[in-house]
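What follows is the residue order along each chain.
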Amino acid sequence: MYGNEIRQLLTDLAWVDDISYYHSLRVGYLMSRFAETDMGKQFVKQAWVTRNEFVATGLLHDIAKLRWPIEILLSDERLKDLEREALLRLWGYMVEHPLVSEEIVMDYYQRTGNRFWERIAKGVVSHHENYSGDGYPYRLKGTEIPLLARGVRVFDHYVRDVEVRRHKNKAQDPGTVIKEMRSILGIHFDPYWGEKILDYLETTPAFPANLDQWLDEELKKNF
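Structure report, in brief. A quick note: this is a predicted structure, and the numbers were derived from the prediction, not measured.

**Let's talk about the packing of helix H8 (residues 147–162) against helix H10 (residues 191–203)**
Link 1 in the chain: In contact at an axis separation of 10 Å, H8 and H10 are set at 40 degrees when each is read in the N-to-C sense. Overall, the two elements H8 and H10 adopt an arrangement that is oblique. For the element pair H8 and H10, the recorded crossing hand is right-handed. From H8, Leu147, Gly151, Val154, Phe155 and Tyr158 reach across to H10, where they touch Trp193, Gly194, Ile197, Leu198, Tyr200 and Leu201.

In structure tokens:
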């Protein structure tokens, strides 16, 4: 029912930035695997979403990058190496991207009236909020942050650190990443669900060799 729309959005993202595209697929993949576990099923139930809404939120959390200028998307400079003006411009896009992702997803809700898109939007817009209240864009704190977004926050951070990026040509060790993430439970991440997701990530298998094939199968089977 929603597979064609999700596929088109991700295809458009792939055309402008393959790194953001595969990042989104990795997040969606891990969330799909988590949703198969007893703990994942409990999370989905408590978040008041369906399994497919949960996975789709992971796939579309960074869809705003469709609208980023190419020079921003393709920059391989680290933040500390940027000049002040360039840094402020980049930071503006970073802070706004959850809002723009929400706008893109909500456009489908406004056109169809289907609350599938509305529920995804609530997770997308808050996926950079920190449990301590110093995240963005709204500086929500604790349980003010939708549970769906608190889950995406953990998966997104983990994937970002274990994958290779333009400004980071070496992936971090997953065990080291998880250890560091445990140290900020209750600060960046929900203390209870963050710990449960990290427990899962410690035992999760490697990403599939062909993420495009996984996406194709996921959309055909479940969407």
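**With respect to the packing of aromatic side chains**
Link 1 in the chain: Scanning all chains against the criterion turns up 16 aromatic pairs.
Link 2 in the chain: A centroid spacing of 6.4 Å and a plane angle of 45 degrees characterise the contact between Phe34 and Phe54, whose relative ring orientation is tilted. Here Phe34, found in helix H2 (residues 18–34), pairs with Phe54, found in helix H4 (residues 51–60); they are 20 residues apart in sequence, far enough to count as distant. Here the two residues Phe34 and Phe54 agree in accessibility, since each one is buried.
Link 3 in the chain: A network of ring pairs unites the aromatic residues Phe34, Phe43, Phe54, Phe155, Tyr192, Trp193 and Tyr200 as a single cluster.
Link 4 in the chain: When the ring centre of Phe207 is taken as origin, the NZ or CZ atom of Arg26, which lies over that ring, is 6.0 Å away.
Link 5 in the chain: A cation over an aromatic ring shows up here: Arg111 above the ring of Tyr108, its NZ or CZ 4.6 Å from the ring centre.

Here is what the cut-offs are and how they apply
For every chain, the first residue of its written sequence is number 1, and the numbers climb from 1 along that sequence. Reporting in this predicted model follows two pLDDT cut-offs: at least 70 for local features of residues, and 80 or more for side-chain atom pairs to be given and counted; totals over whole chains, interfaces and linings ignore these cut-offs and use all residues. Derived side-chain values reflect all non-hydrogen atoms in the structure, with water molecules and hydrogen atoms excluded from consideration. Orientation is described by axes fitted as lines to C-alpha atoms, over the contacting stretch for helices, and by angles from 0 to 180 degrees between their N-to-C directions. Numbering of helices and strands runs from the N terminus, with a helix taken as a DSSP run of H or I at least four residues long and a strand as a DSSP run of E at least two residues long. Working definition: roughly parallel below 35 degrees, roughly antiparallel above 145 degrees, roughly perpendicular at 65 to 115 degrees, and oblique for all remaining angles. Left-handed describes a crossing whose near helix is turned anticlockwise from the far helix by less than a right angle; the clockwise case is right-handed. Contacts are assigned to residue pairs that have any heavy atoms within 4.5 Å of one another. Any two rings among Phe, Tyr and Trp, with Trp reduced to its six-membered ring, count as a pair given centres within 6.5 Å; such a pair is stacked if its planes are under 30 degrees apart, edge-to-face if over 60, and tilted if neither. A simple rule labels every residue: compare its accessible area, found with a 1.4 Å probe on the protein chains alone, to the largest value its type can have, and call it buried under 20%, exposed over 50%, or partly exposed in between. Charge-over-ring contacts are defined here by two conditions on Lys NZ or Arg CZ: a distance within 6 Å of the ring centre and an angle within 35 degrees of the ring normal.

As far as function goes, none of this settles anything; it's purely spatial.
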